[in-house]
Amino acid sequence: MLIVPEREIADLMTRDAAFDAVEKVFAAMAAREAYNFPVVREAIGHEDALYGFKGGFDQAGLTLGLKAGGYWPNNLEKRGLINHQSTVFLFDPDTGKAKAMVGGNLLTALRTAAASSVSIKHLAREDAKVIGMIGAGHQATFQLRAALEQRNFEKVIGWNYHPEMLPNIEKVASEAGLPFEAVELDGMKEADVIISITSAFAPSLMADHVSPGTHIACMGTDTKGKQEVEGALLAKASVFTDEVAQSITIGEAQHAVAEGLIEVSDVAEVGAVINGTNPGRTSAEQITLFDGTGVGLQDLAVAAAVVDLAVEKGIAIEVDF
């Protein structure tokens, strides 16, 4: 079995490589060449942690495995560790033997950012100039860096439950040579693209905070009960997702469906847009929304790419197992 430790990931996986892996796996899912297993995600009753498993099988790429991990909200304050912790395990689909164990923390950040970036590429207006960020934590910086590569943005605006964290995304904007402005939520009307990346259980972004023609990427809701935007916003938008089954059970769409504001049939796969079987955005006034729930196949795709690179560079550690 090969081991690729967390410490090696930064030198192996780039944003471009993560984007390519995620875009391809979304397309494979829509073509029914890859599928995810049901998600297990539980509050374990210790350290307020959420822990679970995401897995799947990509028949086209012969990638089989799972990611184990979750969210430990006290890590940063108590231990100086990031709150999201995970490890990816890959298996040989021919024999079932363990093939690789890969540090999943940075990979999760990169694949999550890649997912919203893919949605921006395929659904945002080409003339998008202002990007709005809701959330300013660790993951928000990855989201913003990846998103800025998809359009010629001229300004970044941001809002966070804790305004003292906004310098995190202001720094990213500054690095890109863009002005940054802290706004109230109704200031998001200025944005052409909005990324919401919080761990909230109550909506912050409302339908009247969003202007016609906006693309919204909702990236924080991945558990039953979580919610970043109000259901009425999904009712106004054309809704796309990584996987419909997750979207309506643990994603943003869970609330809009439960409230009867949209039907399951109103939620489309972004992979179908990538494949050209769904037109995606059809007008400049259309509001599009990507419900990024995070699927196991994303993790497996980026992990498999990292293992190949680690072997090529002689970094992978081989152990008997």
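Throughout what follows, the structure given in this document is the object of discussion. (Residues numbered from 1 in each chain as written. Predicted model: local features only at pLDDT ≥ 70, side-chain atom pairs only at ≥ 80, totals over all residues. Heavy atoms only, no water.)

## Quick word on the pairing of strand S9 (residues 155-159)
Within a regular beta strand, the side chains point alternately toward one face of the sheet and then the other, so they alternate between its two faces. The condition is simple: For every residue, the accessible area (1.4 Å probe, protein chains only) is compared with the maximum for its type, and the residue is labelled buried under 20%, exposed over 50%, or partly exposed between those bounds. Starting at the N terminus, helices and strands are each numbered in turn, a helix being any DSSP run of H or I of at least four residues and a strand any DSSP run of E of at least two. Handedness is read with the strands pointing away from the viewer; a crossover is right-handed when the path from the first strand over the helix to the second is clockwise. For two strands to pair, DSSP has to find at least two bridges joining them.
Burial analysis of S9 places five of its five residues in the buried class, which makes it a mostly covered element. In this region the chain leaves strand S8 (residues 130-134), passes through helix H5 (residues 138-147) and returns to the parallel neighbour S9; the handedness of that crossover is right-handed. The pairing of S9 with strand S10 (residues 180-182) spans three bridges and is parallel. Counted as the bridge partner of Ile157 is Glu181 from S10. Between the parallel elements S9 and S10, the chain passes through helix H6 (residues 167-175) in a crossover that is right-handed.

## Some remarks on the nonpolar core
Quick note on the threshold: Side-chain atoms within 4.5 Å are what join buried Ala, Val, Leu, Ile, Met, Phe, Trp, Tyr and Cys residues into a set we call a nonpolar core. Contacts: residue pairs with any heavy atoms within 4.5 Å of one another.
Core analysis: the largest hydrophobic core is formed by 67 residues, its most contacted members being Phe26, Val102, Ile131, Val156 and Ile195. The biggest single contributor to this core is helix H4 (residues 105-123), with ten residues. Ile131 has contacts with Leu144, Ala147, Leu148, Phe153, Lys155, Val156, Ile157, Ala191, Val193 and Ile195, leaving out every residue within four places of it along the chain.

## Some thoughts on the pairing of strand S17 (residues 288-291)
Of the two faces of S17, both are covered, the one formed by Thr288 and Phe290 as well as the one formed by Leu289 and Asp291. Both strand S13 (residues 215-218) and S17 contribute to a ladder of four bridges, which runs parallel. In the strand pairing of S17, Ala217 is matched with Phe290.

## Description of the sheet that holds S8
In any sheet, the strands associate via hydrogen bonds between backbone groups, in a parallel or an antiparallel arrangement. Rules: Lines fitted to C-alpha atoms define the axes, with helix axes restricted to the stretch in contact, and inter-axis angles between N-to-C directions lie between 0 and 180 degrees.
If you walk across this open sheet you meet the eight strands as S10-S9-S8-S11-S13-S17-S15-S16, and the pairing is parallel. The sheet is open, and its two borders are formed by S10 and strand S16 (267-269), each paired with just one other strand. Mean inter-strand twist for the sheet, computed between neighbouring axes without regard to direction, equals 20 degrees. The sheet contact formed by strand S15 (residues 238-241) and S16 spans three bridges and is parallel. Of the residues in S16, the one forming a bridge with Thr241 is Glu269. Along the sheet, H6 contacts S8, S9 and S10; its crossing angle with S10, the most-contacted strand, is approximately 160 degrees.

None of the figures reported here should be taken as evidence of function without further support.
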